[in-house]
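The residues making up each chain are set out below.
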Amino acid sequence: MTTTAETPYGLGHLDALESEAVHIFREVAGEFERPVILFSGGKDSILMLHLALKAFTPAPVPFPLLHVDTGHNFPEVIAYRDRAVAAHGLTLHVASVQEYIDRGVLRERPDGTRNPLQTVPLTEAIQHERFDAVFGGGRRDEEKARAKERVFSLRDEFSQWDPRRQRPELWQLYNGRHAPGEHVRVFPLSNWTELDVWQYIARENIELPEIYFAHRREVFDRGGMWLTAGDWGGPKDDETVEKRQVRYRTVGDMSCTGAVDSDAGTLDQVIAEITASRLTERGATRADDKLSEAAMEDRKREGYF
Amino acid sequence: MSAVATEVGTLRLATAGSVDDGKSTLVGRLLHDSKSVLADQLESISRTGTPDLALLTDGLRAEREQGITIDVAHRYFATPRRRFILADTPGHVQYTRNMVTGASTAELTIILVDARNGVVEQTRRHAAIAALLRVPHVVLAVNKMDLVGYEESAFAAIAAQFDALAAELGITRVTAVPVSALAGDNVVEPSARMDWYGGPTVLEHLETVEVAAESPDAPARLPVQYVIRHDGIRYYAGQLVSGTLRVGDAVTVHPSGRTSTVTALDVLGAAVDVAPAGASLTVRLADELDVARGDLIAPDERAPTATRDLRGAVCHLADRPLVVGQRVLVRHTTRTVRAVVRSLGPAERLTANDLGEAVLRTAEPVVVDDYAAIRRTGAFLLVDPVDGMTLTAGMAVC
Ligand SMILES: Nc1nc2c(ncn2[C@@H]2O[C@H](COP(=O)(O)OP(=O)(O)O)[C@@H](O)[C@H]2O)c(=O)[nH]1
Ligand SMILES: [Mg+2]
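Thresholds, definitions, all that
- Residues numbered from 1 in each chain as written.
- Chains lettered and ligands numbered in written order.
- Predicted model: local features only at pLDDT ≥ 70, side-chain atom pairs only at ≥ 80, totals over all residues.
- Heavy atoms only, no water.
- Helix = DSSP H or I, 4+ residues; strand = E, 2+ residues; numbered from the N terminus.
- Rg over C-alpha atoms; globule rule 2.2 N^0.38 Å.
- Buried < 20%, exposed > 50% of the residue type's maximum accessible area, 1.4 Å probe, protein only.
- Contact = heavy atoms within 4.5 Å.
- Areas by Shrake-Rupley, 256 points an atom, 1.4 Å probe, with all protein chains shown as cover.
- Donors = N, O, S within 2.8 Å, 3.2 Å for Na, K, Ca; no water.
- Core = buried A, V, L, I, M, F, W, Y, C linked by side-chain atoms within 4.5 Å.
- Polar contact = N/O pair within 3.5 Å; in protein donor to acceptor, adjacent residues only side chain to side chain.
- Pairing = 2+ DSSP bridges.
- Salt bridge = Lys/Arg side-chain N within 4 Å of Asp/Glu carboxyl O.
- pLDDT = per-residue confidence, 0-100.
- Expected span 1.5 Å × (residues − 1).
- Domains from an automatic or database assignment.
- Axes fitted to C-alpha atoms, helices over the stretch in contact; angles between N-to-C directions.
- Phe/Tyr/Trp six-rings, centres within 6.5 Å; stacked < 30°, edge-to-face > 60°.

## As for the overall build of chain A
Now for step 1: The number of helices and strands found in chain A is nine helices and ten strands.
Now for step 2: In terms of C-alpha radius of gyration, chain A reaches 19 Å, essentially the compact-globule figure of 19 Å for 305 residues.
Now for step 3: If one aligns the C-alpha atoms of chain A with their principal axes, the spans along those axes are about 55 × 50 × 40 Å.
Now for step 4: Looking at the 305 residues of chain A, the share that counts as buried comes to 64%.
Now for step 5: Sequence separation of 24 or more characterises 71% of the internal contacts of chain A that already satisfy a separation of 6 or more.
Now for step 6: Accessible surface for chain A amounts to roughly 11300 Å². Of this, 49% is attributable to carbon and sulfur atoms.

So this is what it looks like as structure tokens:
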């Protein structure tokens, strides 16, 4: 362990973030009956799983994983997910957006993005499996509505977030009391920044899906973002495909997550690139957040991650 | 994001002060002038031309519509000298509970005052809360100096007014800075319009103020969060909230009072001989004891206090009142116990935002330290047993 005299408690910066996250995982294990970790195969959920493994070592992680599958997946990410599940002997639940569309419960949106469609399958999976604590990888530095989120965030049976009625959250005393049918969203990475995540991934040597590193890929431009061509609905007639050297800064639904031009092939190069970047990770890569000033707040109110 | 070494320290700070004194603008100015605002964020707050800096933290739709802060926002920024976790809090009395949320983990609070109005009721309330929560450092930012002609006398009068208040409340370390958050004077850059002021800018002070680890020689405290059983071995998992723990230490498990010796310490997969305060770890003990979540492991010397009569200073947070005779749950460290409110002061009934004292009779013993000595084992919450609402924040006195 590294220590500096300057931080509270004498822990180094990444050690303090790690310790805080582990404390949150253990609080949930001690207070709830049926927790679950949301796992998309993106870097934040991979980091959550890594911290959960550390929190309960030498025993296995006492929670299953839940993947809300939009059907627009990067194959490398799904492969990573399945490897992680097998390697750690975990149980994986999948809530499929495609299945809801096939049943006619959800309708495809005109813009083709399925990100907002995840809320209903997510909520129904929580209700059906009676999950009472749901770990999300959201970070407060990602977005201004997320900056308002508590570590323990109470949700009603529709998963709704009411930002005006959040419980006060003092010290590290988290209040997880909830009525039957309600659940608590828990955000162990609340205080991590994008740079912290990458520095910690480098320190711990955590494996990530290849798409986070520079590679050549067929992409096309839509709304100023490089999207990957594929069955999900792109490119359209007026859009042309080209091969570029890119990497992903965030990983979500293929239809609304853009790649960035990049030569960063190693963790150190990625860290250097982020340090120099003049755009936030969502600003650079997420079409869904560009829709309106309050896009994230609205989705969160409706029960999104 | 500015380049910053991995191992520079972190300062947690919170804003405070009355509504419209300029808290959110000051935070925006700090972020903006320290180059912590990225291009897409700047664009999104500049829709009307010049950026409205308060919108960097007023992130909710209702906040933008009403031009006020409703809930605490957390922002993260770094300079080459330090990292900062910043909580921008609301000034309205109605949202005091959100201000308390931001202040509870802060090592420093910036209390803003409008130079035209001086110390007002909310300044007093927030200073009292900072004192009660024992936030170690207070900065008084006398804001909107541009509206009083950057006059030294205006600043000096308010600084003196606040010093008197601080003395009354027992706040010892106050640094006063005259600023204009809107124009940027003395926030990050020194002001050319107040050459009579020779002190640091707000950021210079934040970068250099000494934040010592909470009493470095405090005794070890390990509230047990969870018991990990593996291959027939029991590992007691928790966060060392105070002191250091060593293999070989003689310890007592509270509240049972049974004693044992630490035989192994493991910090997230690495065996260590000594663990520092703040570490999440597991402990193994020499003896087979019945240890469970809610227990506290502490050295035999300088033991905490086990009591069923919990007394403390309180800050009432909920809209529904707290009354003598009320049944509550006490959330303390990793333990939750039933309790009844025995007495309250200064009145028989506390309403939202009241500060006072309380005595609780608990169904089982709680093992506490004086909040002034050890924050994490002195802090507690009162929770409504019916709907789980967080009612009151408490700071044990023993
Ligand atoms: N003239 C002047 N106006 C300021 C200054 N700081 C903030 N304001 C204005 O005061 C109003 C309230 O500011 P805001 O930051 O929202 O206050 P808060 O309620 O304390 O967060 C806004 O209209 C700001 O533009 C200052 O230094 N000088
Ligand atoms: Mg404000």
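## Section: the coordination of the magnesium ion (ligand 2)
Octahedral metals with six donors have ideal donor angles of 90 or 180 degrees. Tetrahedral metals with four donors have an ideal donor angle of 109.5 degrees.
Residue and element names in this part refer to chain B.
Now for step 1: Looking at the metal site, the magnesium ion (ligand 2) is ligated by Ser24 (OG) and Thr69 (OG1), spaced 2.0 to 2.1 Å from it. Of this pair, Ser24 sits in helix α1 (residues 23–33) while Thr69 sits in the loop between α3 (61–66) and β2 (73–79), and the two are 45 residues apart along the sequence.
Now for step 2: Judged by its relative accessible area of 8%, Ser24 falls in the buried class.
Now for step 3: Residue Thr69 is classed as buried on the basis of its relative accessible area of 9%.

## Digging into the nonpolar core
Now for step 1: Within the largest apolar cluster, 86 residues are counted, with the highest numbers of intra-cluster contacts made by Phe25, Ile37, Phe152, Trp192 and Trp198 of chain A together with Leu285 of chain B.
Now for step 2: Leave out the neighbours within four places in its chain, and Trp198 of chain A touches Lys43, Leu208, Tyr212, Phe213, Arg247, Leu267, Val270, Ile271 and Ile274 of chain A.
Now for step 3: In terms of nonpolar packing, the next biggest core, distinct from the first, is built from 44 residues, Leu133, Val148, Phe162 and Leu329 of chain B among them.

## Here we look at the environment of Arg335 of chain B
Residue and element names in this part refer to chain B.
Now for step 1: By the secondary structure assignment, Arg335 is in strand β19 (residues 335–345).
Now for step 2: A relative accessible area of 13% means that Arg335 is categorised as buried.
Now for step 3: Sequence separation between Arg335 and Ser46 is 289 residues; the distance between their C-alpha atoms is 48 Å.
Now for step 4: Each residue touching Arg335, except ones within four places of it in the same chain, is listed here: Pro255, Gly294, Asp295, Val330, Glu364 and Pro365.
Now for step 5: Side-chain polar atoms of Arg335 contact the backbone oxygen of Pro365, separated by 3.0 Å.

## Topic: the pairing of strand β16 (residues 305–316) of chain B
Residue and element names in this part refer to chain B.
Now for step 1: Across ten bridges, β16 lies against strand β21 (residues 355–368) in antiparallel orientation. Among the inter-strand pairings, Gly312 is bridged to a residue of β21, identified as Ala358.
Now for step 2: Taken together, the five bridges between β16 and strand β23 (residues 390–396) define a ladder with antiparallel strand orientation. What sits directly across from Ala313, in β23, is Met395.

## Quick look at the pattern of salt bridges
Now for step 1: The final tally for this structure, using the stated rule, is 43 salt bridges over all chains.
Now for step 2: A salt bridge links Arg301 of chain A to Glu297 of chain A, with the shortest nitrogen-to-oxygen separation between them at 3.2 Å. Of this pair, Arg301 of chain A and Glu297 of chain A both sit in helix α9 (residues 295–301), separated by four residues, roughly a single helical turn.
Now for step 3: The salt bridge partner of Arg361 of chain B is Asp309 of chain B, with a shortest N-O separation of 3.1 Å. You can see Arg361 of chain B sitting in strand β21 and its partner Asp309 of chain B sitting in strand β16, a full 52 residues away along the chain.
Now for step 4: The structure contains a network of salt bridges with shared partners spanning Asp15, Glu18, Lys54, Arg203 and Glu204 of chain A.

## Brief notes about the confidence of the model for chain A
Now for step 1: On average, residues of chain A score 88 in pLDDT, and 93% of them are at 70 or above.
Now for step 2: The element-level mean pLDDT for chain A is lowest in helix α8 (residues 281–285) of chain A, coming to 71, with strand β1 (residues 35–38) of chain A highest at 98.

## Things to note about helix α1 (residues 13–31) of chain A
Residues spaced three or four apart along an α-helix point in a common direction, a consequence of the helix completing one turn every 3.6 residues.
Now for step 1: An ideal rise of 1.5 Å per residue puts 27 Å on 19 residues; α1 of chain A measures up with 27 Å between its terminal C-alpha atoms.
Now for step 2: A large share of α1 of chain A lies buried, amounting to 16 of its 19 residues.

## Re the pairing of strand β14 (residues 280–285) of chain B
All names here are of chain B.
Now for step 1: For β14, the tally of buried residues reaches five of six residues, placing the bulk of the element in the interior.
Now for step 2: Relative to β14, strand β8 (residues 233–239) runs antiparallel, the two sharing four bridges. Paired with Tyr236 across the two strands is Val283, which belongs to β14.
Now for step 3: As judged from the four bridges shared by strand β11 (residues 258–267) and β14, these two strands associate in the antiparallel manner. Among the inter-strand pairings, Asp266 is bridged to a residue of β14, identified as Thr282.

## Things to note about the domain arrangement of chain B
Now for step 1: Here chain B is described as being made up of domain 1 (3–208), domain 2 (222–299) and domain 3 (305–396).
Now for step 2: Put simply, the middle of domain 1 of chain B and the middle of domain 2 of chain B, counted by C-alpha atoms, are 40 Å apart.

## Regarding α1 of chain B
Residue and element names in this part refer to chain B.
Now for step 1: Counting buried residues along α1, ten of its eleven residues qualify, which places the element largely inside the surrounding structure.
Now for step 2: Lys23, Ser24, Thr25, Leu26, Val27, Gly28, Arg29, Leu30, Leu31 and Asp33 are the residues of α1 that are buried.
Now for step 3: Those residues of α1 that are buried are in contact with β1 (10–17), β2, β3 (82–88), β4 (108–114) and α7 (202–208).
Now for step 4: Just downstream of α1 lies Lys35, where phi reads positive at about 60 degrees.

## Here we look at the sheet that holds strand β22 (residues 379–383) of chain B
Residue and element names in this part refer to chain B.
Now for step 1: The strand order around the closed barrel built from six strands is β16-β21-β19-β18-β22-β23, with neighbouring strands paired in antiparallel fashion. With direction set aside, neighbouring strand axes in the sheet form an average angle of 40 degrees.
Now for step 2: With five bridges joining them, β22 and β23 adopt antiparallel strand pairing. Paired with Leu382 across the two strands is Thr392, which belongs to β23.

## Describing unusual backbone geometry
Now for step 1: Residue Thr57 of chain A is joined to Pro58 of chain A through a cis peptide bond whose omega torsion reads 5 degrees.
Now for step 2: Relative to the helices and strands, Pro58 of chain A resides in the loop between α2 (43–56) and β2 (65–69).
Now for step 3: With an omega of 5 degrees, the peptide bond running from His254 of chain B to Pro255 of chain B counts as cis.
Now for step 4: Checked against the element boundaries, Pro255 of chain B lands in the loop between β10 (250–254) and β11.
Now for step 5: Its identity as a non-glycine residue notwithstanding, Ser159 of chain A has a phi of 70 degrees, on the positive side.
Now for step 6: Mapped onto the fold, Ser159 of chain A is located in the loop between β5 (152–155) and β6 (183–186).

## Notes on the packing of aromatic side chains
All names here are of chain A.
Now for step 1: For the structure shown, the criterion picks out 15 aromatic pairs over all chains.
Now for step 2: Pairing Phe25 with Phe63 gives two aromatic rings, centres 6.4 Å apart and planes at 25 degrees, and the pair type is stacked. Residue Phe25 is located in helix α1, and its partner Phe63 is located in the loop between α2 and β2; the two are separated by 38 residues in the primary sequence.
Now for step 3: Among the residues examined, Phe25 registers a relative accessible area of 0% and is labelled buried.
Now for step 4: Note on Trp198 and Tyr212: the rings are 5.8 Å apart at their centroids and 75 degrees apart in plane angle, and the pair reads as edge-to-face.

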